[in-house]
Amino acid sequence: MANVHLIKLSVGTESVDQMQAWQQHRSQQRRDGLYYHLTRMWPKREAELLDGGSIYWVIQGVVLARQRIARLDEMTGTDGIRRCAIFLDPKIVRTEAMTRRPFQGWRYLKPEDAPRDLAPGREPREALPPSLEAALAEIGVR
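### Observations concerning the environment of Pro-115
Part 1 of the reasoning: You can see Pro-115 is positioned in the loop between β8 (106–109) and α3 (130–138).
Part 2 of the reasoning: A relative accessible area of 9% means that Pro-115 is categorised as buried.
Part 3 of the reasoning: Distance from Pro-115 to Met-98, taken between C-alpha atoms, is 6.5 Å for residues 17 residues apart in sequence.
Part 4 of the reasoning: Setting aside chain neighbours within four positions, we find Pro-115 in contact with Tyr-56, Val-63, Thr-95, Glu-96 and Met-98.

Written out as structure tokens, the structure reads:
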């Protein structure tokens, strides 16, 4: 079990499937066959993140998925600013829906506060709209 995770908004994303397609086919942020998320801040809790931590993705106000963090690499842009590339496992794991207010950047997420992975076979055949996922989560159905 990880000591800590990250939680991050997937800005402009409408569904888990859309996020996955972006990472696999459209994003230029790929190296060594892995997608990476680029951020200005370097996590101070790096060792804890690399010990099984994940990024939990907030899509339209609802946490719906996570990806295991594979590694952190330093990248310096053409502007000379040092950034952190968070390399992610290609497998996107769907989670129970959990509403989350907007925030900037990323935040640490304690394992006990993270939504559980959906059990095998519980993944929807067709993705529900995040607003419906949030409503179902609020009444305890998902």
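Still more ground to cover, so stick around.
### Some remarks on the pattern of salt bridges
Part 1 of the reasoning: Scanning all chains against the criterion turns up nine salt bridges.
Part 2 of the reasoning: Arg-71 is the salt-bridge partner of Asp-32, the closest N and O atoms lying 2.8 Å from each other. Separated by 39 residues along the polypeptide, Asp-32 in the loop between β2 (30–31) and β3 (34–39) and Arg-71 in strand β5 (residues 62–76) bring together distant segments of the chain.
Part 3 of the reasoning: Several salt bridges share partner residues, and in doing so they unite Asp-32, Arg-71 and Asp-73 into one network.

### A few points about the nonpolar core
Part 1 of the reasoning: In terms of nonpolar packing, the biggest core is built from 20 residues, with Leu-6, Ile-55, Ile-69, Ile-86 and Leu-88 touching the most fellow members.
Part 2 of the reasoning: Going through the elements one at a time, α1 (16–26), β4 (54–59), β5 and β6 (82–88) are the ones with two or more residues in this core.
Part 3 of the reasoning: A total of five residues in this core trace back to one element, the largest contributor, which is β5.
Part 4 of the reasoning: What Ile-86 contacts, discounting residues up to four positions off in sequence, is Leu-6, Tyr-35, Tyr-36, His-37, Thr-39, Ile-55, Ile-69, Arg-71 and Leu-72.
Part 5 of the reasoning: Leu-9, Tyr-56, Val-63 and Leu-109 belong to the second-largest nonpolar core, a separate cluster that totals eight residues.

Cut-offs applied
- Residues numbered from 1 in each chain as written.
- Predicted model: local features only at pLDDT ≥ 70, side-chain atom pairs only at ≥ 80, totals over all residues.
- Heavy atoms only, no water.
- Helix = DSSP H or I, 4+ residues; strand = E, 2+ residues; numbered from the N terminus.
- Buried < 20%, exposed > 50% of the residue type's maximum accessible area, 1.4 Å probe, protein only.
- Contact = heavy atoms within 4.5 Å.
- Salt bridge = Lys/Arg side-chain N within 4 Å of Asp/Glu carboxyl O.
- Core = buried A, V, L, I, M, F, W, Y, C linked by side-chain atoms within 4.5 Å.

Everything listed here is a matter of geometry and, on its own, says nothing about what the molecule does.
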